[in-house]
Amino acid sequence: MMKKKSIPASKPFLILFLCQIISALDVPLDSKLLEELSQPPTITHQSPKDYIVDPRENIVIQCEAKGKPPPSFSWTRNGTHFDIDKDAQVTMKPNSGTLVVNIMNGGKAEAYEGVYQCTARNERGAAISNNIVIRPSRSPLWTKEKLEPHQVREGDSLVLHCRPPVGLPPPIIFWMDNAFQRLPQSERVSQGLNGDLYFSNVQPEDTREDYICYARFNHTQTIQQKQPISVKVFSMDSLNDTIAANLSDTDIYGAKPVTERQPVLLTPTGSTSTKVELRGNVLLLECIAAGLPTPVIRWIKEGGELPANRTFFENFKKTLKIIDVSEADSGNYKCIARNTLGSVHHVISVTVKAAPYWITAPRNLVLSPGEDGTLICRANGNPKPSISWLANGVPIAIAPEDPSRKVDGDTIIFSHVQERSSAVYQCNASNEYGYLLANAFVNVLAEPPRILTPANKLYQVIADSPALLDCAYFGSPKPEIEWFKGVKGSILRGNEYVFHDNGTLEIPVAQKDSTGTYTCVARNELGKIQNEVRLEIKDPTMIIKQPEYKVVQRYGQVSFECIIKHDSTLLPTVIWLKDNDELPDDERFLVGKDNLTIMNVTDKDDGTYTCIVNTTLDSVSASAVLTVVAAPPTPAIIYARPNPPFDLELTGQLERSIELSWIPGDENNSPITHFVIEYEDGLHEPGVWHYQTEVPGTQTTVQLKLSPYVNYSFRVVAVNKIGRSQPSEPSEQYLTKSASPDENPANVQGIGSEPDNLVITWESLKGFQSNGPGLQYKVSWRQKDVDDEWTSVIVANVSKYIVSGTPTFVPYEIKVQALNDLGYAPEPSEVIGHSGEDLPMVAPGNVQVHVINSTLAKVHWDPVPLKTVRGHLQGYKVYYWKVQSLSRRSRRHVEKNILTFRGNKTFGMLPGLEPYSSYKLNVRVVNGKGEGPASPDKLFKTPEGVPSSPSYLKITNPTLDSLTLEWGSPTHPNGVLTSYILKFQPINNTHELGPLVEIRIPANESSLILKNLNYSTRYKFYFNAQTSVGSGSQITEEAVTIMDEAGILHPAVGTGKAMASRQVDIATQGWFIGLMCAVALLILILLIVCFIRRNKGGKYPVKEKEDAHADPEIQPMKEDDGTFGEYSDAEDHKPLKKGSRTPSDRTVKKEDSDDSLVDYGEGVNGQFNEDGSFIGQYSGKKEKEPAEGNESSEAPSPVNAMNSFV
């Protein structure tokens, strides 16, 4: 037996350090590359470790894996090989390891209980799943028991036991009555964690016969019910009466009234108990007490505080709930039950254990031949878990030897690997509370270089902007990348270029001479490859004539110019905005090529107008304000700004104050509201006037505060409602004496510009603040939280000092003190600054994507350690882009989307995704310096959605009874098309729709001939596509079958909204139209003749009766001149309706006319004379509908006559 060599304590750390600095290969997530590279199996999906199944449904045990070549699958059951070919009820899905046990076709779930494990294997290794324990759920019936009624004295405690049947998983317990209403609970009556119903003291209202305990088994969606429990509460009065009548027991008969009781614990019993809970679980502790009055429960933790933000009280504070428990939550928890008579307590000793959890899970290694690497597997738990290794599913101790492999506890060290070293390793961390199993492969690849960037890719950038030329590559060993300009150019070097690790060439400031062809060369010991890309530099877009501020009178016209200059190869688009929003939808706004004109300006047009010019590469904008004013009013009193004050005088000169007086100028019809006093410092800023103070308009003197070492001059400005006056003439000068500074610089900051410096800045004191000559600054700094002395330096009158040689991003205490020839300013306050930031060191880990629906996904990541941020954490950026549509395999230019999440946020939503597509994303941390490295690209897919409408629908080849339909598939299928749905219905000559017919068409069809249609009939068609999710939007068309084959050989059929260009309809034939016109003309002549003859026939009896009443409003027809009178009644104003002729039996039926006689005041009691005139009391509604004319009731109008005729 070989002796194990001992390694000195320092050597393992050295070995681990050397291994960790050797970075494994990064394999780009390029689909074509991944299809070509060999890869050991990786388990991608598996069923949970504890898998409870519904015994009524088929059992599906999932095991999915990927690898190259695709892996094969096998299973073990209870530790031995499971031969699925020998069990007719078990099948394995094609190209998958997922098992389906057919329970619904005769199998029994109990027969398949056990421990299952899946193995995925290919020529490069074998990956294994967790041990999956299959157990069918159970929801047994309640055992039958005889329940005696509970008879309880008022004030006593009571426990109603539920004792539900043992199910898998355990049931949810609740209490209800016969009406399926939950029983009310309170501090007095509540349900315990074990399901029992506890009464701290019973009351007469608790008497009922339907206390029912229910057990709900969620897995099988069943509810079991216990027999109802009866409770009868006796009050002391009724109890005394009952005993006296039946027992004559004087001792009991003399029972006292309800007495109060001090608390007693119903659960838990005794004074102490213990509880063990696992790390990360929810800790539930319960105390329920009896007593009268009802006791109140309080919880404390002995020797500590209850954890904030994780502690909750439930069940009227009878239950203490602590979520996400850890080892720190172990200890003694005391519950105290108290009422007015006393208290009782119980101590629960809680111990928190832990199933294994990862500290460092092993990660896949991709190595080149001859390279070194390590697999590290570190886990923690309570008790400490044991670590064991397997190779390709076999314990490593009995696995085939590999000379490049050495196991050292939780680490496997690989040295000088070869291609045969490829394998899948499993790390198992276990203790008595559970286990963790992780697969990690070692894939040794020897691959010549490949360049993944498309050849001759064109990059276009704006001059003076950065240019990034991609050269995505892969090879093993890792290739070296070199860039050349032109085919035979020299290698690119120097500060004008930046070479990124991913192969990208960056030109920080691209100029016109940067245009050209660039060649990327990748080489390793197995070969060399090159690729060319092209770079074009475009001129920037500029607005050479910007819109200008305009003032326009109401109802006038205004125009803004926006003349641009742009690169001749770029197509600009110009957009106008009003107040950062779209222009109003108003024809008064006219947008020209180079201008915006607004006609008939109104007050609402007031605002800011912005011209935005966009090209595919850049965007510029310019804005101007439009002010709309009223037209000049009629000349009246002239109001103007006041005249300037004059005769300024300085008196009472002191070191720090002086008095200024003046005489106001003319107010010009508007009272002066206030005066503004300004000063000039002739010593430091000659010619510059500053605001000093202001006083009311009634005041003409002011006492002014002064600063040392300033040569003052003052002036005064008068203000009224119209505006400000011109400034007064300056006063005489007054020079104040020097003094040490009164104040220190403001806005002191410490921000590094480089990782190794600290730039201290401040706002310099203005001249009058210096208080004297020789202004300087004392700059002091020291590192915060380090016991260092202050470092100080005195600098001239500047506003910046740079401290070099600082550590990266550490806090500093900073202060800046002013001084001059006369002394120092007061001691300054300290501010906290930071030395320079550097780019973050690590990428966010554990990036996970949860697809919510076809257009929305949620991404999670673990935050990076703050020490690795090396700067102010500003947030995280998520880069995501569409790789391809799963319904169309065509690829397109990848446009990356970027979402920024501020602060230490660890999740975000990705909106606007396209259905049924493959996406990739990565996450980067951002600080003030920039972005850190990207996390490995994460691939995810969106599910199917409903498709868009078919791209077109054409209807051709009309015959007597058939039409041919042709269509195009949807532009955006958003999934796999399952079928097309065609609906159609005929349309008659009155545009009424006939019955709707629906046809389902296979998705692979693109045309259809509809037969057995009606001839010379218009049809309307509705057409849409379907996926498994549902139907998409539809398009509609109309078409017509022809009348006869001989008359019209090739009718044109309309598509879209257009109608048929030819349609055989008798109503459109010329001969028919002419005939109808002749008939109408003949009828009109006949009606005119009848109209004249009837009016010459004399008065009707109704007319005679009206003449007898001599109504002054009715003018009779004049016999001598043959003219008509103004005869009018309510019936005259109602035109006759279609079909309103009187029947031959001279009665009027309501269904014959809409003009019921009831409308005219007499109802159906009125009668007609033999000549058709109306007889009876004519009440009339003479003013009814006067707008319809004043025709005589005897003569029907030609229109009404036509209606009756038709």
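Residues numbered from 1 in each chain as written. Predicted model: local features only at pLDDT ≥ 70, side-chain atom pairs only at ≥ 80, totals over all residues. Heavy atoms only, no water.

Any chance you could explain the overall build of the protein here in plain terms?
Looking only at helices and strands, one finds eight helices and 87 strands in the protein. Across the 1206 residues in the protein, those meeting the buried criterion constitute 40%. Long-range pairs, those at least 24 residues apart, make up 64% of the contacts in the protein with a sequence separation of at least 6. (Helix = DSSP H or I, 4+ residues; strand = E, 2+ residues; numbered from the N terminus. Buried < 20%, exposed > 50% of the residue type's maximum accessible area, 1.4 Å probe, protein only. Contact = heavy atoms within 4.5 Å.)

Looking at this structure, I do not really get the environment of Tyr-980. What am I missing?
Its place among the elements puts Tyr-980 in strand 81 (residues 979–987). Spatially, the C-alpha atom of Tyr-980 lies 5.9 Å from that of Gln-1026, the residues being 46 residues apart in sequence. Once you skip the residues sitting within four places of it in the chain, Tyr-980 turns out to touch Trp-967, Ser-969, Pro-970, Ile-999, Arg-1000, Ile-1001, Pro-1002, Ala-1003, Glu-1005, Phe-1023, Asn-1024 and Ala-1025.

So what exactly am I meant to see when it comes to the sheet that holds strand 25 (residues 311–314) here?
For sheets, the rule is that strands pair by backbone hydrogen bonds, running either parallel or antiparallel. Strand order in this open sheet of three strands is 22-26-25, and the pairing throughout is antiparallel. If you trace the sheet from one side to the other, it starts and ends with strand 22 (283–286) and strand 25, each paired once. If you compare each strand with its neighbour and ignore which way they point, the axes differ by 20° on average. Looking at chain direction, strand 22 and strand 26 (residues 319–322) are connected through four bridges and run antiparallel. Across the sheet, Leu-283 pairs through a bridge with Ile-322, a residue of strand 26. (Pairing = 2+ DSSP bridges. Axes fitted to C-alpha atoms, helices over the stretch in contact; angles between N-to-C directions.)

Just checking my understanding: could you explain a nonpolar patch on the surface for this structure?
On the surface, Leu-1081, Leu-1084, Ile-1085, Ile-1088, Val-1089, Phe-1091 and Ile-1092 cluster together into a nonpolar patch covering about 600 Å² of accessible area. Checked against the element boundaries, Ile-1088 lands in helix 6 (residues 1070–1095). (Patch = residues over 30% accessible without salt bridge, like charges linked within 9 Å, V, L, I, M, F, W, Y side chains within 5 Å. Areas by Shrake-Rupley, 256 points an atom, 1.4 Å probe, with all protein chains shown as cover. Salt bridge = Lys/Arg side-chain N within 4 Å of Asp/Glu carboxyl O.)

Got a minute to help me understand the pattern of salt bridges in this structure?
Between side chains of opposite charge, pairing is possible as soon as their charged atoms come close. The final tally for this structure, using the stated rule, is 38 salt bridges. Residue Glu-314 pairs with Lys-321 through a salt bridge whose shortest N-O separation is 3.3 Å. Classification of Glu-314 as partly exposed rests on a relative accessible area of 34%. Residue Lys-321 is classed as partly exposed on the basis of its relative accessible area, which comes to 23%. A salt bridge links Arg-378 to Asp-410; its shortest N-O distance comes to 3.4 Å. A residue pair is termed long-range when its members are at least 10 positions apart, and Arg-378 in strand 31 (residues 378–382) and Asp-410 in the loop between strand 34 (405–408) and strand 35 (411–414) qualify at 32 residues.

How do you make sense of the state of the cysteines when you look at a structure like this?
Put plainly, two cysteines are in a disulfide when a covalent bond ties their sulfur atoms together. The full count for this structure, using the stated rule, is six disulfides. Between the sulfur of Cys-63 and that of Cys-118 lies a disulfide, 2.0 Å long from S to S. Taking the sign of the S-S torsion, -70° for the link of Cys-63 and Cys-118, the bridge is left-handed. One end of the pair, Cys-63, is in strand 4 (residues 63–68); the other, Cys-118, is in strand 9 (residues 114–122), and 55 residues separate them in sequence. Assessed through its relative accessible area of 0%, Cys-63 is described here as buried. When the cysteines of the protein that form disulfides are numbered from the N-terminus onward, they connect as 1-2, 3-4, 5-6, 7-8, 9-10, 11-12. (Disulfide = S-S within 2.5 Å.)

Any chance you could explain the sheet that holds strand 16 (residues 197–199) here in plain terms?
Strand order in this open sheet of three strands is 13-16-15, and the pairing throughout is antiparallel. Strands with a single pairing partner mark the edges of an open sheet, and in this sheet they are strand 13 (158–160) and strand 15 (189–191). Put simply, the sheet's adjacent strands are angled 15° from each other on average, direction ignored.

Even after reading the chapter, I still don't get the packing of aromatic side chains, so can you show me in this structure?
Where two aromatic rings form a pair, the distance of their centres and the angle of their planes describe that pair. Within the structure shown, the criterion is met by 21 aromatic pairs. Ring centres 5.8 Å apart and planes at 75° place the aromatic pair Phe-82 and Tyr-116 in the edge-to-face group. Of this pair, Phe-82 sits in the loop between strand 6 (80–81) and strand 7 (90–92) while Tyr-116 sits in strand 9, and the two are 34 residues apart along the sequence. Relative to Tyr-609, the ring of Phe-560 lies with its centre 5.4 Å away and its plane at 25°, an arrangement referred to as stacked. One end of the pair, Phe-560, is in strand 49 (residues 558–561); the other, Tyr-609, is in strand 55 (residues 607–614), and 49 residues separate them in sequence. Like Phe-560, the residue Tyr-609 is buried in the burial classification. Cluster of aromatic residues (ring-pair linked, three or more members): Phe-174, Phe-180 and Tyr-214. Geometry around Tyr-435 places Lys-49 over its ring, the cationic atom sitting 4.1 Å from the centre. The ring of Tyr-879 has Arg-924 lying over it, and the distance from NZ or CZ to the ring centre is 4.0 Å. (Phe/Tyr/Trp six-rings, centres within 6.5 Å; stacked < 30°, edge-to-face > 60°. Lys NZ or Arg CZ within 6 Å of the ring centre and 35° of its normal.)

Honestly, the environment of Leu-570 in this entry has me stumped. Any pointers?
Turning to its location among the elements, Leu-570 is positioned in the loop between strand 50 (563–565) and strand 51 (573–578). Residue contacts for Leu-570: discarding those within four places in its chain leaves Ile-462, Lys-538, Thr-615, Thr-616 and Leu-617.

Can you walk me through the environment of Val-878 in this structure?
Take Val-878: it is sitting in strand 74 (residues 875–885). Since its relative accessible area comes to 0%, Val-878 is described here as buried. Along the sequence, Val-878 and Asn-922 sit 44 residues apart, while their C-alpha atoms lie 5.9 Å from each other. Among residues more than four places away in sequence, those in contact with Val-878 are Val-859, Trp-861, Asn-897, Ile-898, Leu-899, Phe-901, Leu-910, Leu-921, Asn-922 and Val-923.

How should the pairing of strand 38 (residues 447–451) be read in this particular structure?
Put simply, side chains in a regular strand alternate between the two faces of the sheet. Burial runs high along strand 38: four of the five residues are buried. Pairing of strand 38 with strand 41 (residues 473–476) involves three bridges; the strand directions are antiparallel. Bridged to Ile-451 within strand 41 is Tyr-473.

For this particular structure, what's the right way to read the nonpolar core?
A general trend in soluble globular proteins is that nonpolar side chains are found buried together. Counting residues in each nonpolar core, the largest one holds 29 residues, and the members touching the most others are Ile-59, Ile-61 and Trp-75. Those elements that provide at least two residues to this core are strand 3 (59–61), strand 4, strand 5 (72–77), strand 8 (99–101), strand 9 and strand 11 (132–136). The element that contributes the greatest number of residues to this core is strand 9, accounting for three residues. (Core = buried A, V, L, I, M, F, W, Y, C linked by side-chain atoms within 4.5 Å.)

Which parts of the structure should I look at to understand the side chain of Asn-974?
When you line up the elements, Asn-974 lands in the loop between strand 80 (963–970) and strand 81. With sequence-adjacent residues up to four places away left out, Asn-974 is seen in contact with Ser-887, Pro-915, Tyr-916, Glu-944, Gly-945, Val-946, Pro-947 and Ser-948.

In this structure, what is going on with unusual backbone geometry? I would like to understand it.
Across residues other than glycine, the phi torsion is negative in most instances, and most of the peptide bonds are trans. Residue Pro-169 follows Leu-168 across a cis peptide bond; omega there is -5°. Residue placement: Pro-169 occurs in the loop between strand 13 and strand 14 (172–176). A cis amide bond links Thr-267 to the next residue, Pro-268, at an omega of -5°. Relative to the elements of secondary structure, Pro-268 occurs in the loop between strand 20 (261–267) and strand 21 (272–278). At Asp-324, a residue that is not glycine, the phi angle is positive and equals roughly 50°. Structurally, Asp-324 is set in the loop between strand 26 and strand 27 (331–339). A positive phi is found at Tyr-916, a non-glycine position, where the angle reads about 55°. Secondary-structure assignment places Tyr-916 in the loop between strand 76 (907–910) and strand 77 (917–926). Look at Tyr-916 and you get buried, because its relative accessible area is 18%.

Help me understand the pairing of strand 37 (residues 434–444), please; the structure alone is not making it clear to me.
Among the eleven residues that make up strand 37, eight are buried, leaving the element largely enclosed by the rest of the structure. Bridging between strand 36 (residues 423–431) and strand 37 involves nine bridges; their strand directions are antiparallel. Bridge pairing links Ser-430 to Tyr-435 in strand 37.

It is not clear to me how the confidence of the model for the protein should be interpreted in this structure. Could you clarify?
Residue-level pLDDT values for the protein average 84, and 83% of them are 70 or greater. Note that residues 1098–1206 has pLDDT below 50 and, in this model, 132 contacts with residues that lie over four places away or in other chains. (pLDDT = per-residue confidence, 0-100.)

How should I be thinking about the side chain of Ser-190 in this particular structure?
Following the sequence through the fold, Ser-190 ends up in strand 15. Overall, the relative accessible area of 0% leaves Ser-190 in the buried class. In terms of polar contacts, Ser-190 uses its side chain to reach the side chain of Lys-318, at 2.7 Å. If we ignore the near neighbours within four places in the chain, the residues touching Ser-190 are Gln-185, Asp-196, Leu-197, Tyr-198, Ile-288, Asn-315 and Lys-318. (Polar contact = N/O pair within 3.5 Å; in protein donor to acceptor, adjacent residues only side chain to side chain.)

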